[in-house]
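# Descriptive analysis of the structure
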Amino acid sequence: MNIKYNKALWLIIILAIVMMIPFLGLTDFNTKGEPREAVVAYTMLEHGNWILPINNGGDIPYKPPFFHWCITFFSLFIGHVNEYTSRLPSAVSLVLMTIGGFVFYAKRKNAPTSLIAAILTLTAFEVHRAGMNCRVDMVNTAFMVGAMYLLYRWWEKGKHQLPWLAILCMSGATLTKGPVGIILPCFVMGVFMLTQRENFWGIVWRMALTALLSLVIPFCWYYAAYLQGGDEFLRLVKEENIDRFMGKMAYESHENPACTTFSRSSRAGCLTPYYYCSRSSFCHGRSSRRPVSLRMRRRLLRCRCSPGSPSSWYSSSTASQRASAAFICCHAIRSWPISSPNTSFG
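In short, a report on the structure.

Conventions we followed
Residues numbered from 1 in each chain as written. Predicted model: local features only at pLDDT ≥ 70, side-chain atom pairs only at ≥ 80, totals over all residues. Heavy atoms only, no water. Helix = DSSP H or I, 4+ residues; strand = E, 2+ residues; numbered from the N terminus. Buried < 20%, exposed > 50% of the residue type's maximum accessible area, 1.4 Å probe, protein only. Contact = heavy atoms within 4.5 Å. Areas by Shrake-Rupley, 256 points an atom, 1.4 Å probe, with all protein chains shown as cover. Patch = residues over 30% accessible without salt bridge, like charges linked within 9 Å, V, L, I, M, F, W, Y side chains within 5 Å. Salt bridge = Lys/Arg side-chain N within 4 Å of Asp/Glu carboxyl O. Phe/Tyr/Trp six-rings, centres within 6.5 Å; stacked < 30°, edge-to-face > 60°. Lys NZ or Arg CZ within 6 Å of the ring centre and 35° of its normal. Expected span 1.5 Å × (residues − 1). Polar contact = N/O pair within 3.5 Å; in protein donor to acceptor, adjacent residues only side chain to side chain. Core = buried A, V, L, I, M, F, W, Y, C linked by side-chain atoms within 4.5 Å. Axes fitted to C-alpha atoms, helices over the stretch in contact; angles between N-to-C directions. Left-handed = near helix turned anticlockwise from the far one by under 90°. Arc of directions from axis to C-beta. Parallel < 35°, antiparallel > 145°, perpendicular 65-115°, else oblique. Nonpolar A, V, L, I, M, F, W, Y, C, P; charged D, E, K, R; others polar.

### Some remarks on the overall build of the protein
- Looking only at helices and strands, the protein has 14 helices and zero strands in total.
- Helices (α) and strands (β) of the protein occur, in sequence order from the N terminus, as α-α-α-α-α-α-α-α-α-α-α-α-α-α.
- Buried positions account for 48% of the 346 residues belonging to the protein.
- Intrachain contacts of the protein at a sequence separation of at least 6 include 74% that bridge at least 24 residues.
- Accessible surface, the protein as shown: approximately 17,800 Å² in total, 65% of it carbon and sulfur.

Now the structure itself:
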């Protein structure tokens, strides 16, 4: 078993690195979001303001700075920001998330199953695309998935101590994209603990304490940024974290309802091409569900191609989070054994 595990681990490490790292700089920035993030790192490198750099003479960054710190760190070695160093944090995050997922599953199932799960994650279209882009989504996803793995391990060990590593991961996610990096992992773990028939108020105070501790490090940055940006910074924070989900942003973004993020068409986009290979996606036994219809494929294309759709931005995150949450909820409930799914292909 150890030999199989070591071979599979080295295989996924080499495969992830070879698939991601060499190709990051082959194309120019091809979306408006990529240069928007890269210019923040450029301003940090040029002016030395690592808290709240002012871009192009007056623009405050839309996102917290951890992703830009990573770009700046990698760019220090060559002295300037380019496409390769701008995309490297996303690629490294995907590599680490894939390896972490393999190790997590291997300790609870077996090496071959974990290898397949890791390869499916690495080659899923939206996850792979996020890992090749200069966007905050892949780094945010890796932090949140890591937090859920670590929260589950904390639960396995009896919850005797605080989950400090999970707290650090959620702090990193919050410094990458905002408080959603704390809300989602705590919510998933809270629901899982409810399925284990644990005391409701015990769950509430544990998750609340974990969330509050996860806010300590991000709060230091938010306070320092407020001292520099003032009310304009607070307005931008409100717009990015509250108005975004209410459709009240100053620019066109997330115009469709948030529920489309969790629609079946969104799941299909997240898991392309594997979603279409199985009628019983991730279900045990033979499924009675019909294969994806032509109408559903058209809905998928409309959802995926709509620039205002939340699924077009969050699909990589929701895919990885959904997979992690599904494993956590299914694995620990002893009456739901994890075995190789008997799926029908067609």
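Now that the structure has been shown, we can carry on.
### Some words on the environment of Leu-115
- Here Leu-115 is to be found in helix 5 (residues 111–123).
- Note: C-alpha distance between Leu-115 and Thr-98 (17 residues apart in sequence) is 9.6 Å.
- Beyond its immediate stretch of four places on either side in the chain, Leu-115 contacts Ala-8, Leu-11, Ile-12 and Phe-102.

### Quick notes on a nonpolar patch on the surface
- Taken together, the side chains of Trp-50, Phe-73, Leu-76, Phe-77 and Ile-78 define a hydrophobic patch exposed on the protein surface, amounting to about 540 Å² of accessible area.
- Here Ile-78 is to be found in the loop between helix 3 (66–76) and helix 4 (83–106).

### Considering the environment of Gly-131
- When you line up the elements, Gly-131 lands in helix 6 (residues 125–131).
- Considered as a pair, Gly-131 and Arg-87 are 44 residues apart in the sequence and their alpha carbons are 7.7 Å apart.
- Those residues within four positions of Gly-131 in sequence are excluded, and the remaining contacts are Met-20, Leu-24, Arg-87, Ser-90, Ala-91, Leu-94 and Met-138.

### Overview of the packing of aromatic side chains
- Under the definition given, this model contains 17 aromatic pairs.
- Centroid distance Tyr-105 to Tyr-149: 6.3 Å. Interplanar angle 80°. Geometry classified as edge-to-face. Of this pair, Tyr-105 sits in helix 4 while Tyr-149 sits in helix 7 (residues 137–156), placing them 44 residues apart in sequence. Here Tyr-105 and Tyr-149 have matching classes, each one buried.
- The residue whose ring lies beneath Arg-36 is Tyr-62, and the NZ or CZ to ring-centre distance is 5.1 Å.
- The ring of Phe-104 carries the charged tip of Arg-108 above its face, separated from the ring centre by 4.0 Å.

### Section: the pattern of salt bridges
- Overall, the coordinates contain eight salt bridges when judged by the stated rule.
- Between Arg-129 and Glu-126 there is a salt bridge, with its nearest N and O atoms 2.9 Å apart. Here Arg-129 and its partner Glu-126 are both found in helix 6, three residues apart, which amounts to about one turn of the helix.
- Each member of the salt-bridge network shares a partner with another, and the members are Glu-232, Arg-235 and Glu-239.

### Details of helix 7
- Its 20 residues give helix 7 an end-to-end C-alpha distance of 29 Å, which sits within 8% of 28 Å, the value for a rise of 1.5 Å per residue.
- Helix 7 sits mainly inside the fold: 18 of its 20 residues count as buried.
- Two residues or fewer past helix 7, Gly-158 is found with a positive phi of approximately 100°.

### Overview of the side chain of Arg-87
- Tracing the backbone shows Arg-87 in helix 4.
- At 2.8 Å, the side chain of Arg-87 and the backbone oxygen of Thr-27 are in polar contact.
- Within the local environment of Arg-87, its side chain forms a polar contact with the backbone oxygen of Asp-28, the two atoms lying 3.0 Å apart.
- Look past the residues within four positions of Arg-87 in its chain and what remains in contact with it is Leu-24, Gly-25, Thr-27, Asp-28, Phe-29, Asn-30, Glu-34, Gly-131, Met-132, Asn-133 and Cys-134.

### As for the nonpolar core
- Core analysis: the biggest nonpolar cluster contains 58 residues, and Phe-102 and Met-193 have the highest contact counts within it.
- Here the element with the most residues in this core is helix 7; it accounts for 13 residues.
- Dropping the residues within four chain positions of it, Met-193 is found in contact with Trp-154, Trp-155, Lys-159, Glu-198, Ile-203, Arg-206 and Met-207.
- Of all hydrophobic cores here, the second largest spans eight residues; its members include Ile-60, Trp-221, Tyr-222 and Leu-236.

### What to know about the packing of helix 3 against helix 4
- Taken N-terminus to C-terminus, the directions of helix 3 and helix 4 make an angle of 120°; their axes are 8 Å apart at the nearest point. The element helix 3 and its partner helix 4 pack so that their crossing is right-handed. In this structure, helix 3 contributes Phe-67, Cys-70, Ile-71, Phe-74 and Ser-75 to the contact, and helix 4 contributes Thr-85, Ser-86, Leu-88, Pro-89, Ser-90 and Val-92.

### Quick word on helix 1 (residues 2–20)
- Taking 1.5 Å as the rise per residue, helix 1 with 19 residues should run 27 Å; its terminal C-alpha atoms sit 27 Å apart, in good agreement.
- Those residues of helix 1 that sit buried are Ala-8, Leu-9, Ile-12, Ile-13, Ala-16 and Met-20. End-on, the buried residues of helix 1 take up no more than an arc of 135°, which puts them together on one face. Across from the buried face of helix 1, at angles greater than 90 degrees, the exposed residues are Ile-3, Lys-4, Lys-7 and Trp-10.
- Summarising the contacts, the buried residues of helix 1 are in contact with helix 4, helix 5 and helix 6.

### Re the packing of helix 4 against helix 5
- Between helix 4 and helix 5, the least distance of the axes is 8 Å, while the angle of their chain directions is 155°. With respect to helix 5, the element helix 4 is oriented roughly antiparallel. For helix 4 against helix 5, the interelement crossing comes out right-handed. On helix 5, the residues that touch Leu-94, Met-97, Thr-98, Phe-102, Tyr-105 and Ala-106 of helix 4 are Ala-111, Ser-114, Leu-115, Ala-117, Ala-118, Thr-121 and Leu-122.
- Of the residues belonging to the contact of helix 4 with helix 5, the class tally is 10 nonpolar, three polar and no charged.

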